[in-house]
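Read off the chains here:
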2 protein chains.
Amino acid sequence: MRLLPHPATEDIQLTEVLRALSDPVRLEIVVRLALGGEMTCGVAGDDLGVHKSTASHHYRALREAGVVLTKQEGRLKYMSLRRDDLESCFPGLLDSVLSAAGIPSAAAIRSADLQSPSAAAIPSADVPARR
Amino acid sequence: MRLLPHPATEDIQLTEVLRALSDPVRLEIVVRLALGGEMTCGVAGDDLGVHKSTASHHYRALREAGVVLTKQEGRLKYMSLRRDDLESCFPGLLDSVLSAAGIPSAAAIRSADLQSPSAAAIPSADVPARR
DNA sequence: CGTATAGTTGGACTGTTGTCAAACAATTAG
DNA sequence: CTAATTGTTTGACAACAGTCCAACTATACG
């Protein structure tokens, strides 16, 4: 399992995070990650209406802004929101964005996320079997 | 006193607000408005390190995104944050951005703002005499 | 009226962004 | 080894963004 290069928590810049979240495609990816927890790029980018290479650029933008964490496992790459890092840098920001993006209760989802696999909202978004 | 064209509250788009806030110059303007309340473009754009026409473009970007409200009075234009509109569209978002931008307590400032002129933080940022 | 003030507009320039397509790389499965 | 799968990289391209400068508009002041 390899971790891709990411900015350190203290290097995450507010304007870059806002910039990353200001694209509809990227925001949708972030919403999916918020709802479904860790998932592969393939799942996160399914049916986004853009070419897979475009989606790949968006993954990188999100990673370089410090919004998501990406780790490679075999031939799959798993993305997850850097919730705690973002919360420590910009308290409340991610939750308010997610809630503004239509997620019922960001806090509730987060706690549910930690308790059980949950995934009820998205078809194949459960934490994959890891083979 | 004339009001410039603005998007209606219900037409404010999350991604456009995030986009507007993702530029350092615009974010600085927003921070000034948050600290100083309503102020002229001249005051809001003082010492930003960009040409006045550049600042003017940023004013427009903020206005068109629904972040600020601009009204003309004589030859001056007064800008103010659309706090209530943003709060009703995206609860908590502006406050978390402002607090992430280094404003001590966004909520405290807002309430102080409503009680007294309170310009303590910025030199000439008090609500102007309106002549 | 003429001049100063406050801000906008348009052009030009440079750099960035979002997109697709095609080729590529890395891993896994047969 | 060969095929398929997963995602990245590169190139091309059009659109957009941020900036400055110069000219302009509109209001107010003398």
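1. A word on the relation of the copies chain B and chain A
Least-squares fitting of chain B to chain A yields an RMSD of 0.0 Å, with the superposition described by an axial translation of 0.0 Å and a rotation of 180°. With respect to symmetry, the two chain copies, as superposed, fit the operation of a two-fold axis. Looking at chain B, 100% of its interface residues are interface residues in chain A too, so the copies touch through the same face.

2. Regarding the protein's contact with DNA strand D
Taken together, 25 residues surround DNA strand D, and among them A:Lys52, A:Ser56, B:His51, B:Ser53 and B:His58 come closest. Between DNA strand D and the protein, one listed contact pairs a base oxygen with a side-chain N or O atom of A:Lys52 at 2.8 Å. Those elements that place two or more of their residues in the surface near DNA strand D are helix H3 (41-44), helix H4 (52-65) and strand S4 (76-81) of chain A together with helix H4 (52-65) of chain B. Element by element, the count of residues in the surface near DNA strand D is highest for H4(A), at five residues. Taken together, the residues of the surface near DNA strand D break down into four nonpolar, twelve polar and nine charged.

3. A short note on the packing of helix H2 (residues 24-36) of chain A against H4(A)
Residues and elements named next belong to chain A. Following both chains from N to C, one finds H2 and H4 inclined at 70°, their axes separated by 10 Å at the closest point. As far as their axial angle goes, H4 and H2 are roughly perpendicular. Note on element contacts: H4 touches H2 through His58, Tyr59, Ala61 and Leu62, opposite Val25, Arg26, Ile29 and Val30. A class-by-class count of the residues in the contact of H2 with H4 yields six nonpolar, one polar and one charged.

4. Looking at the protein's contact with DNA strand C
DNA strand C sits among 25 residues. The nearest are A:His51, A:His58, B:Lys52, B:Ser53 and B:Ser56. In DNA strand C, the atoms that sit within 4 Å of the protein are 67% sugar and phosphate, with bases accounting for the remainder. At 3.0 Å, a side-chain N or O of A:Thr54 approaches a phosphate oxygen of DNA strand C. Backbone polar atom of B:Cys41 to a phosphate oxygen of DNA strand C: 3.1 Å apart, as the coordinates give it. Element by element, the count of residues in the surface near DNA strand C is highest for H4(B), at five residues. Of the residues that constitute the surface near DNA strand C, the class distribution is four nonpolar, twelve polar and nine charged.

5. Quick notes on the sheet that holds strand S2 (residues 39-40) of chain B
All names here are of chain B. Taken in spatial order, the four strands make up an open sheet running S1-S3-S4-S2, and their pairing is antiparallel. Each having just a single partner strand, strand S1 (2-3) and S2 make up the two edges of the open sheet. Here S1 runs beside strand S3 (residues 68-73); their pairing, made up of two bridges, is antiparallel. The residue of S3 that forms the bridge with Arg2 is Gln72.

6. Comments concerning the nonpolar core
Ranked by internal contacts, the top residues of the largest apolar core, which has 65 residues, are A:Ile29, A:Val67, A:Leu93, B:Ile29, B:Val67 and B:Leu93. Excluding its chain neighbours within four sequence positions, the residues that come into contact with A:Val67 are A:Val17, A:Ala20, A:Leu21, A:Val30, A:Leu62, A:Ser80, A:Leu81, A:Arg82 and A:Leu86.

7. Details of helix H6 (residues 93-100) of chain A
Within H6(A), six of the eight residues are buried, leaving the element largely enclosed by the surrounding structure. By the burial criterion, the buried members of H6(A) are A:Leu93, A:Leu94, A:Asp95, A:Ser96, A:Val97 and A:Leu98.

8. So, the interface of chain B and chain A
Across the boundary between the two partners, chain B contributes 17 residues, which contact 17 residues of chain A. When the buried surface of chain B facing chain A is broken down by residue, B:Thr15, B:Leu18 and B:Ser22 rank first, second and third, together holding 34% of it. For the pair chain B and chain A, the number of links is zero salt bridges. Only helix H1 (14-21), helix H2 (24-36) and helix H6 (93-100) of chain B provide two or more residues apiece to the side of chain B that touches chain A. Looking at which element gives the most residues to the side of chain B that touches chain A, the answer is H1(B), with five residues. When its residues are assigned to classes, the side of chain B that touches chain A shows eleven nonpolar, four polar and two charged.

9. Some details on unusual backbone geometry
One non-glycine residue with positive phi stands out, namely A:Asp47, at about 55°. Here A:Asp47 shows up in the loop between H3 and H4.

10. Some details on the confidence of the model for chain A
Summary statistics for chain A give a mean pLDDT of 86 and a share of 79% for residues scoring 70 or more. Segment residues 117-131 of chain A is flagged for pLDDT under 50; beyond a separation of four residues in sequence, or across chains, it makes 21 contacts in the model.

11. Considerations on the environment of B:Leu94
Residues and elements named next belong to chain B. Its location among the elements puts Leu94 in helix H6. Taking relative accessible area as the criterion, Leu94 reaches 7% and is therefore assigned buried. Along the chain, Leu94 and Glu16 lie 78 residues apart, while their C-alpha atoms are 13 Å from each other. Setting aside residues up to four positions removed in sequence, Leu94 forms contacts with Val30, Leu81, Arg83 and Leu86.

Scoring rules and cut-offs
- Residues numbered from 1 in each chain as written.
- Chains lettered and ligands numbered in written order.
- Predicted model: local features only at pLDDT ≥ 70, side-chain atom pairs only at ≥ 80, totals over all residues.
- Heavy atoms only, no water.
- Least-squares fit on C-alpha atoms with pLDDT ≥ 70 in both.
- Contact = heavy atoms within 4.5 Å.
- Near = heavy atom within 4 Å.
- Polar contact = N/O pair within 3.5 Å; in protein donor to acceptor, adjacent residues only side chain to side chain.
- Helix = DSSP H or I, 4+ residues; strand = E, 2+ residues; numbered from the N terminus.
- Nonpolar A, V, L, I, M, F, W, Y, C, P; charged D, E, K, R; others polar.
- Axes fitted to C-alpha atoms, helices over the stretch in contact; angles between N-to-C directions.
- Parallel < 35°, antiparallel > 145°, perpendicular 65-115°, else oblique.
- Pairing = 2+ DSSP bridges.
- Core = buried A, V, L, I, M, F, W, Y, C linked by side-chain atoms within 4.5 Å.
- Buried < 20%, exposed > 50% of the residue type's maximum accessible area, 1.4 Å probe, protein only.
- Buried area = accessible area lost by both parts, 1.4 Å probe.
- Salt bridge = Lys/Arg side-chain N within 4 Å of Asp/Glu carboxyl O.
- pLDDT = per-residue confidence, 0-100.

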